[in-house]
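Listed below, chain by chain, are the residues.
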Amino acid sequence: MDTKNIMIVGVGGQGSLLASKLLGHLLMGRGYDVKVSEVHGMSQRGGSVVTFVRYGEKVYSPVIDRGEADAIVSFELLEAARWLSYLKPEGRVVTNTQRIDPMPVITGAAEYPVGLVEKLESAGAKVDALDCLGLAEEAGSAKAVNLVLLGRLSHYFDFPIEAWQEAIEACVPAKFLELNRRAFELGRRTA
Amino acid sequence: MKKLILGNAAVARGLYEAGCAIASSYPGTPSTEITEEAAKFSEIYCEWAPNEKVAMETAFGASLGGKRSFCGMKHVGLNVAADPLFTMGYTGVNAGMVIAVADDPGMHSSQNEQDSRHYARAAKLPMLEPSDSGEALEFTKLAYELSEEFDTPVLLKMCTRVAHSQSVAELSERREPEAKPYEKEPHKYVMAPANAIKRHPVVEERLRQLAEWAGTSGINRVEDGRDSSVGIITSSTCYQYVKEACGDRYPVLKLGMVWPLPEGLIKDFAARVERLVVVEEGDPFLEGCCRGLGLSLSGKDCFPLTGELSQNMVAEKLGLDVPKGRGLSEELPNRPPVMCAGCPHRGLFYTLKKLGCTVLGDIGCYTLGAMPPLGAMDMTLCMGASISGLHGFNKARGPEAGGKAVAVIGDSTFMHSGMTGLANVAYNQSDSTVIILDNSITGMTGHQQNPTTGLNLRGDPAGKIDLEALCRAMGIERVRVVDPYDLKACEETVKEELGVSEPSVIISRRPCALLKYVKHKPALKVDAGKCRGCRACMRIGCPAISIKDGKAHIDGTQCVGCGVCGQLCGFGAFKEG
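Residues numbered from 1 in each chain as written. Chains lettered and ligands numbered in written order. Predicted model: local features only at pLDDT ≥ 70, side-chain atom pairs only at ≥ 80, totals over all residues.

S.K.: Got a minute to help me understand the confidence of the model for chain B in this structure?
M.R.: Regions with low pLDDT should not have their predicted coordinates read in detail. Residues at a pLDDT of 70 or more form 100% of chain B, whose mean pLDDT is 97. ipTM for the predicted complex: 0.96, alongside a pTM of 0.97. (pLDDT = per-residue confidence, 0-100.)

S.K.: Is there a simple way to think about unusual backbone geometry in this case?
M.R.: In terms of backbone geometry, most residues other than glycine have negative phi values and most peptide bonds are trans. Residue and element names in this part refer to chain B. Cis geometry is found at the peptide bond from Thr29 to Pro30, where omega equals 10°. Tracing the sequence through the fold places Pro30 in the loop between strand 2 (22-25) and helix 2 (32-38). In this structure, Pro260 follows Trp259 across a cis peptide bond, with omega equal to -10°. One non-glycine residue with positive phi stands out, namely Asp151, at about 55°. (Helix = DSSP H or I, 4+ residues; strand = E, 2+ residues; numbered from the N terminus.)

S.K.: So what exactly am I meant to see when it comes to the environment of Val322(B) here?
M.R.: Residues and elements named next belong to chain B. Note on placement: Val322 falls in the loop between helix 14 (311-317) and helix 15 (345-354). Residues Val322 and Asp268 lie 54 residues apart in sequence; the distance between their C-alpha atoms is 31 Å. With residues up to four places along the chain from it excluded, the contact list for Val322 reads Asn312, Ala315 and Glu316. (Contact = placed C-beta atoms within 7 Å.)

S.K.: Just checking my understanding: could you explain the interface of chain A and chain B for this structure?
M.R.: For interface size, the figure often reported is the accessible area lost on association. Taken together, the contact between chain A and chain B spans 49 residues of the former and 47 residues of the latter. When its residues are assigned to classes, the side of chain A that touches chain B shows 24 nonpolar, 15 polar and 10 charged. Both strand 2 (residues 33-37) of chain A and strand 8 (residues 165-170) of chain B contribute to a ladder of two bridges, which runs antiparallel. Following the sheet pairing, Ser37(A) is matched in strand 8 of chain B by Ser165(B). (Nonpolar A, V, L, I, M, F, W, Y, C, P; charged D, E, K, R; others polar. Pairing = 2+ DSSP bridges.)

S.K.: Please explain helix 16 (residues 385-397) of chain B as it appears in this structure.
M.R.: Every α-helix winds through 3.6 residues per turn, so residues three or four apart in the chain are directed the same way. Residue and element names in this part refer to chain B. Between its first and last C-alpha atoms helix 16 spans 17 Å; for 13 residues at 1.5 Å apiece the expected length is 18 Å, and the two agree. Those residues of helix 16 lying buried are Ala385, Ser386, Ile387, Ser388, Gly389, Leu390, His391 and Asn394. In this structure, the buried side of helix 16 is in contact with strand 14 (358-360), helix 17 (399-402), strand 15 (405-410), helix 18 (411-427) and strand 16 (433-438). Where helix 16 terminates, the next one or two residues include Gly398, which has phi positive at roughly 80°. (Expected span 1.5 Å × (residues − 1). Buried ≥ 20, exposed ≤ 12 C-beta atoms within 10 Å, placed from the backbone.)

Pasting the structure below:
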């Protein structure tokens, strides 16, 4: 098979590292060669962050380039739009509808764009938008947005539910396991 | 056993498997996780040193003492440690010693884009360069073998994409090497001129032998291709980009050791192909060496000197098909990193901006004080430069500048290389006002302990340096402590210290809001009836505050109830949640 490419994008501090760790573990368990490229350091302080997950028979580059992503998983709407040029023409965007104002919008130097879901669609992307924050809060914590998103994403994979559950158990600290299981289920049930 | 593992964790695993016993490092993105992961093995003593020079000398001492040792740092950290580095080639080692240095092409989290390969050539030391986690683990173990076989420290060069990517590595068991006996050998370890003169020819001969080894060891390998119209010489993550873009189309000479280079192998490879292309990030290092062998080739005439390369860029430069992506046509607002909600640095920077101070800054989270709307920073150069820079600035501009200019430096950076600058302020007497931003942790690199926190790398109780007592002992008589959440106290204290004609230190003290033990207050709420929409609260650049429908709005998922915004509000619109 050709290498498949998933980008996880969001705002530093939203929990994208756990999402990529979990995906990496899951894909490794399915017998693929896997590479996951993370961002550490300064961008984690509320900046735009991107993580690349690549899997297939043999993966070389740790990064995804423009026009290569099969899917963009986005924690925030503006970030989905920012990375759109990395999506394949037939690619899919799975996004949280949450809006987090960046500093230029907060200071009034720029406007937060309106109608982003429609704009993504008119640019040719298949968009699956979901209020993950609401569901995460329903699960018990706003911090569980990442597992809600993964729950939604799980629909697009032909993997048994047990494989996802095993990956969650392996990657989430025991203390937060129940919360994250609930969040994953809520995201999965939406479709 | 195969495992999906971060490049830095793979280096740590390599340290474990190779029987490394002692690791001393200073944190720096993208190198930090090597030592953090190594600390998870009880067999390796791990510590954070105050700076990279101390770390390297500690690792050297441990090697001399007969145990395999390690130190890790980011690229600019190697500048700090360059002094011991250049002479360790002369002394060689007792037990094996490995130095990891992590470059940051693209400057994801750095102040420059320097290429550490130059250090290998300049210090006459071998340098290995892995291209993924599997090689990171293998090369770390190999580095110890080389170190002991050739009697030299070995450099292991990482970069952001290798250090911070997870890929598959094969794990094996630890092999406990026998501790080497310590024998006094002053001719080898006392580098006074008479001994050093005799050691230099040893260094040159060792390099010759290492170059010979590089040609036959298999660490540098030729991968055949179907089409020899082009042949590519590359290493590190660029190798991955080349393979991604070209597959097995063109032959590739993949270098795992970038210094010294296998000259015969390179010449043979060049003779097999019609057009030679060197693909490398950073400076034309391999390119220059190849040109020195009389080869004609494409390199930086084709690829950029700045930033990172990628598979699309390699494909495009080689005339291959490049996938196209479509973005939105409108321009989107940027999302630069910002100080976190509740960051204790914010109140202090707001004060400095309000007072119109000239701010000589330093390296850490607080460098974000340079960003709008605070914009309260005039200079950031390198670790420790705030204090020494301020001293020179004040000497040049006289007492008037001394009344307006300050240095800001974090607790960890102060211990790293700010103390010597303060010694200069005290000794050569400038009216400098130094502000130590003590958030009780090394913040930007992800919460590492340091000599002022009272805890060691593993979080156990450790020696604790008292900043106030230290500054006084260095000859600073005026040492003040202020809470940066208290804007009034900040303003009064900064004004007073700028007003006196003698050196002074203000310690702005409050733990980082992200520390687990820091208890947060409930998110504040805005009383819409009282808020006039004057935007006074927006001047502190808090990511939790925005204006919605003409009124201040607090994002309850971010606000930690620090109350700094409320102190700016003239109408009492902010209330506790």
